[in-house]
Amino acid sequence: MRGVKDRGIRKLFAVLAGLAVIYFGTTGRSPEEGSGLSGGLVVLALLASLLVWHLTKPGGDAAK
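Quick look at the environment of aspartate 6
Turning to step 1, where the next piece is worked out: Positionally, aspartate 6 belongs in the segment before α1 (7-27).
Turning to step 2, where the next piece is worked out: On the basis of relative accessibility, which here comes to 44%, the residue aspartate 6 falls in the partly exposed class.
Turning to step 3, where the next piece is worked out: Put simply, aspartate 6 and lysine 57 are 51 residues apart on the chain and 9.2 Å apart in space, counted from C-alpha to C-alpha.

Structural data, given as structure tokens:
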């Protein structure tokens, strides 16, 4: 995925990664814990989005 050049697709992948972390982080909880978002889960989703954004950036040597 290193060759993804379209910035819109990079944004889409980053947003989907963050939403996936939030979805799977909230659906695995028991009813006693509640269904709200914790601060740690939001930070984890942000880190996942940034990781996907970094991993999908285009390489500079491909056009040469």
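A closer look at the UniProt feature "transmembrane region" (unreviewed entry) in the chain
Turning to step 1, where the next piece is worked out: Taken from the UniProt record, the annotation "transmembrane region" (unreviewed entry) applies to residues 12-30 and 36-55.
Turning to step 2, where the next piece is worked out: Secondary structure across residues 36-55 comprises 85% helix and 0% strand; the distance between its end C-alpha atoms is 30 Å.

Here we look at a nonpolar patch on the surface
Turning to step 1, where the next piece is worked out: Where nonpolar side chains cluster on the molecular surface, the patch consists of Leu12, Val15, Leu16 and Leu19 and spans about 370 Å² of accessible area.
Turning to step 2, where the next piece is worked out: With respect to the helices, strands and loops of the structure, leucine 16 is situated in helix α1.
Turning to step 3, where the next piece is worked out: Relative accessible area serves as the criterion here: at 45%, leucine 16 is assigned to the partly exposed category.

Parameters and conventions
Residues numbered from 1 in each chain as written. Predicted model: local features only at pLDDT ≥ 70, side-chain atom pairs only at ≥ 80, totals over all residues. Heavy atoms only, no water. Helix = DSSP H or I, 4+ residues; strand = E, 2+ residues; numbered from the N terminus. Buried < 20%, exposed > 50% of the residue type's maximum accessible area, 1.4 Å probe, protein only. UniProt positions renumbered as here; feature names shortened; annotations may be inferred. Patch = residues over 30% accessible without salt bridge, like charges linked within 9 Å, V, L, I, M, F, W, Y side chains within 5 Å. Areas by Shrake-Rupley, 256 points an atom, 1.4 Å probe, with all protein chains shown as cover. Salt bridge = Lys/Arg side-chain N within 4 Å of Asp/Glu carboxyl O.

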